Structures are given as structure tokens and as C-alpha cells.
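Here are the chains, one letter per residue:
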Amino acid sequence: MAVLGVMRPERNDMSNCEICGEPMPLGEEMFKFHGYSGNCPKPPLPRDDGAEAVKSIFKRATGVDVSVRVVNGEFYVTDPDGQEFRTGLVRKH
Ligand SMILES: [Zn+2]
């Protein structure tokens, strides 16, 4: 049975590396990220870690532009005066 002969890449099925966002090479689509046959070709993408969402929540609630960073999965917010405080919000993934 020439199983391999009928396999062809389906663009819709292409998975992207979860680290760098590049499409996984043929034959490695079942993996979630590069590393099996080599390292990621690109530096990691800035992940959408939810910081922007937290930022807009604060903007809506207080009208203040804060900066947000994630420490151990928890969001910390710094107000324009440089005061940092814990939000108690935790990253979902
Ligand atoms: Zn990669």
C-alpha cells in the first residue's frame, strides 16, 4: 500500500509552531512546535498573553493607561506614577 504516496499537504491542516508561528515543516504537522528536527527558524513571537486585554480593562474602568506585565502567570499593572500593584488576575493559559 502506497500510503505515503497519497499523502499531500493540505494548507488548511497546516499547523503552525506555537513558539515562532511559522508553519510546521512537512511531516512534522503533528507536533506543536519546532524542535524535533531542528530549532525554530525564527525568534519567538510576542505571545498574546492577555496583557492587552487587561490594559484595556483598566483603561475602560479608570481611564488610565497602565502598563501590564505578567509575573508567574499573574498580571501586574503599573500606573503612570510608576506604582505597581497586583491585579489578582491570572493568565488563562
Ligand atoms: Zn518554531
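Predicted model only: the values in this text are computed from it and were never measured. (Residues numbered from 1 in each chain as written. Predicted model: local features only at pLDDT ≥ 70, side-chain atom pairs only at ≥ 80, totals over all residues.)

Asker: Would you take a moment to explain unusual backbone geometry for this structure?
Answerer: Working note: non-glycine residues mostly have negative phi, and peptide bonds are mostly trans. One non-glycine residue, asparagine 72, lies in positive phi territory at about 50°. By the secondary structure assignment, asparagine 72 is in the loop between strand E1 (67-71) and strand E2 (74-78). (Helix = DSSP H or I, 4+ residues; strand = E, 2+ residues; numbered from the N terminus.)

Asker: For this particular structure, what's the right way to read the confidence of the model for the protein chain?
Answerer: One rule of thumb: low pLDDT means the predicted coordinates there are not for detailed reading. On average, residues of the protein chain score 79 in pLDDT, and 74% of them are at 70 or above. Within the protein chain, helix H1 (residues 3-6) has the poorest average pLDDT of any element, 50, and E2 the best, 92. (pLDDT = per-residue confidence, 0-100.)

Asker: Is there a simple way to explain the environment of threonine 78 in this structure?
Answerer: Summarising the element assignment, threonine 78 is placed in strand E2. On the basis of neighbour counts, which here come to 13 C-beta atoms within 10 Å, the residue threonine 78 falls in the partly exposed class. Through-space distance from the C-alpha of threonine 78 to that of aspartate 65 is 9.0 Å; in sequence the pair is 13 residues apart. Those residues within four positions of threonine 78 in sequence are excluded, and the remaining contacts are Val66, Ser67, Gln83 and Glu84. (Buried ≥ 20, exposed ≤ 12 C-beta atoms within 10 Å, placed from the backbone. Contact = placed C-beta atoms within 7 Å.)

Asker: I would appreciate a short explanation of the sheet that holds E2 in the present structure.
Answerer: Consider a sheet: its strands pair through backbone hydrogen bonds, and that pairing is either parallel or antiparallel. Spatially, the three strands line up as an open sheet ordered E1-E2-E3, and their pairing is antiparallel. In this open sheet, the two strands that pair with only one neighbour each are E1 and strand E3 (84-90). Taking the axes of each pair of neighbouring strands and ignoring which way they run, one obtains an average angle of 30° across the sheet. In the sheet, E2 pairs with E3 via four bridges, with the strands oriented antiparallel. Considered in E3, the bridge of glutamate 74 is made with valine 90. (Pairing = 2+ DSSP bridges. Axes fitted to C-alpha atoms, helices over the stretch in contact; angles between N-to-C directions.)

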